Amino acid sequence: MHKQPTFVSAMLGALLTVVLVSGCGGSGPEPTPTPTKTPIGNTGSQPAATPTSADQAAAPTPVPATPAPAANQAPTAAPSPSIVVVNADQVNVRSEPNTEGAIVATVNTGQKYTLIGRNQDNTWLQVGENGKEIGWVFAEFADVQAGAPAAQAGEQTTTTQQTTPATGSGTYAPISMNSPDYGTQAFLWWDPEITKRDLDLIKDAGFTWVKQAFAWETVEGAGKGHFDWSKADIIVTEANQRNIKVLARLSSDPTANFWAAGNPTQNADNFADYVFALASRYNCSAQAVGCIQAYQVWNEPNLAREWGGNQPNPAQYVAFLQKAYAAIKRGNPQAIVISAGMAPTGDNNAEAMADDLFYEGMYQAMNNNSTGYFDMLGVHGAGFAAPPELDPAEAASNPKYGGYRFFAFRHVEDIRAIMVKHGDANKQIVLLEFGWTTDSVNAAYKWHGADAGITDAVQADYLKRAYVYAKANWQPWIGLMSLLTMPNLAWMDSGNPEGEEQYWWAIMRPSRISKLKFRNAYIELCIYFNGLNGQKCKYDPN
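Residues numbered from 1 in each chain as written. Predicted model: local features only at pLDDT ≥ 70, side-chain atom pairs only at ≥ 80, totals over all residues. Heavy atoms only, no water.

Considerations on the overall build of the protein
A tally of regular secondary structure across the protein gives twelve helices and 20 strands. Taking all 542 residues of the protein together, 57% fall into the buried category. Accessible surface, the protein as shown: approximately 20,900 Å² in total, 50% of it carbon and sulfur. (Helix = DSSP H or I, 4+ residues; strand = E, 2+ residues; numbered from the N terminus. Buried < 20%, exposed > 50% of the residue type's maximum accessible area, 1.4 Å probe, protein only. Areas by Shrake-Rupley, 256 points an atom, 1.4 Å probe, with all protein chains shown as cover.)

Quick look at the structure:
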């Protein structure tokens, strides 16, 4: 038994930290499975909702003498300002006062809303929040109290900063995913000119999605309810204008110390308020500022460093995820909600939990029913030293590949097997991060980079082959595959971009606005993606 650093995919701005994890094997040193810090940049169709058991229990028994009201029937006005307090978990909020209405949100015990009205026989309550209607709740699962909703314990009472936004075009790329679909992470936050240039490059290459971090502290850092949408508006608008779909990563830099308390779950309500505001602003309607098609809720909670310094806990994460899911669906019922991807690691201690064990723990905490938690499961799939087609069993048995199954790109199939075992075969996986590094400098990464023979040409070949393999073997359950990464101009600030380990994963080198520094990977993928549509890559040197 000896020590081995885990896969740490930390956020931009954080110092590279090697977390020690234990593994069994021989007496010699083991390779370090630490592919990348997660780029953060700012420091098939959506499955149909399935009614929960609570919703089925909520269905009122028809009474012949009192016919059910029509869907468009105006509610009876509430006689006085009142609040509705939910008294059960997993209660569905519907678009109409009957069980045929679409599920627009899922609420839980203790959540409070303003009472707007009731149906004729008082079996359904119409509820709202912040002056906006949400939908209808079955009255048996809520208590009506007098007075305005009180602030939750520990919450700061503030006045929300109101900004009158310019509305978008109302015509956006559809909220759907192909199998597979093609995307990349990007750093679009700080420089509008780089934002436009890189989105043009993403579109030219044939990517249909961009993944961009919308870090909590950069939008609501001035205080609860005080939102700075200036950068977010530019990114969303520019992506929408190019018909590029947006996957928003919702998280917080672990070095920002943005938690009100050490445990993230104690901040779940405040975080849910933030994601509700984001989803409402970019809810793809004709009145919206713009359209964000999908949301990733947090990043790698199976690492303590990404979970407020606390020991990873799947039950805590799914409770956190459930509140964020409900908030996003209130803001945009059609948005795709994706769970966090986990860091591939084989360890299980106070610093990290093996990704497969964490996913198992999530399903146990959800009682094998992911409805109300996520629409698609997020997974991370770095290829390390292995070609994309390599069987994980070979990676586990051959020391040159690292000696564990998670050192293979196809470890994604191990996570898929967990989904199927727990009854989620009808939901897709979204590959939130994957790639190969060519690192020849950083000791923690070069073992599966340059030392493993991963050159620029090999990196390009492996990325293309990963998409080809997924298209041939993972349909229909694979959705978006978002690779690492477009470059970050900030890597140049130190004068030594090669010292930043993310530099070696990128499909281009960072460059000023007037220059383009392609790597083989960009050109190879540009030719492949455009060829799928019978077109040519404009940057193909041939």
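Describing the environment of Lys471
With respect to the helices and strands, the residue Lys471 is situated in helix α11 (residues 456-473). Along the chain, Lys471 and Asp181 lie 290 residues apart, while their C-alpha atoms are 9.2 Å from each other. With residues up to four places along the chain from it excluded, the contact list for Lys471 reads Pro180, Tyr182 and Tyr528. (Contact = heavy atoms within 4.5 Å.)

Observations concerning α11
For the α-helix, the turn length of 3.6 residues means that residues three or four positions removed from each other point alike. Counted at 1.5 Å a residue, the expected span for α11 with its 18 residues is 26 Å, and the 26 Å between its end C-alpha atoms agrees. Every buried residue of α11 is listed here: Gln459, Ala460, Tyr462, Leu463, Ala466, Tyr467, Tyr469 and Ala470. Packing partners of the buried residues in α11 comprise β11 (181-185), α9 (412-421), β18 (478-483) and α12 (520-532). (Expected span 1.5 Å × (residues − 1).)

So, the environment of Thr485
By the secondary structure assignment, Thr485 is in the loop between β18 and β19 (508-509). Exposure remark for Thr485: the relative accessible area of 1% places this residue in the buried category. Taking C-alpha positions, Thr485 is 6.2 Å from Ala186, a pair spaced 299 residues apart along the chain. In this structure the side chain of Thr485 is engaged in a polar contact, spanning 3.2 Å, whose partner is the backbone oxygen of Gln185. (Polar contact = N/O pair within 3.5 Å; in protein donor to acceptor, adjacent residues only side chain to side chain.)

Quick look at the state of the cysteines
One pass over the structure, following the stated rule, counts two disulfides. Here Cys284 is linked by a disulfide to Cys291, with a sulfur-sulfur distance of 2.1 Å. Between Cys284 and Cys291 the sulfur-sulfur dihedral comes to about 75°; the bridge is accordingly right-handed. What pairs with Cys526 in a disulfide is Cys537, and their sulfur atoms sit 2.1 Å apart. Torsion about the S-S bond of the Cys526 and Cys537 cystine: about 105°, corresponding to right-handed handedness. Placement of Cys526 in helix α12 and of Cys537 in the segment after α12 is noted, with a sequence separation of eleven residues between them. Each disulfide of the protein joins two cysteines, and with those cysteines numbered along the sequence the arrangement is 1-2, 3-4. (Disulfide = S-S within 2.5 Å.)

Some points on the packing of aromatic side chains
With the rule as written, the count across this model stands at 39 aromatic pairs. Each ring, one from Tyr363 and one from Phe374, has its centre 6.5 Å from the other, and the planes form 85°; the classification is edge-to-face. A residue pair is termed long-range when its members are at least 10 positions apart, and Tyr363 in helix α7 (residues 355-365) and Phe374 in the loop between α7 and β16 (377-380) qualify at eleven residues. The exposure classification of Tyr363 matches that of Phe374, with both residues buried. Arranged with centres 5.7 Å apart and planes meeting at 50°, the rings of Phe409 and Phe434 form a pair that is tilted. Of this pair, Phe409 sits in the loop between α8 (392-397) and α9 while Phe434 sits in the loop between β17 (429-433) and α10 (443-446), placing them 25 residues apart in sequence. Per residue, the accessibility class of Phe409 equals that of Phe434, and both read buried. Taken together, the ring pairs in this structure connect Tyr182, Phe207, Phe409, Phe434, Trp436, Tyr462, Tyr467, Tyr469, Trp474, Trp477, Tyr528 and Phe529 into an aromatic cluster. (Phe/Tyr/Trp six-rings, centres within 6.5 Å; stacked < 30°, edge-to-face > 60°.)

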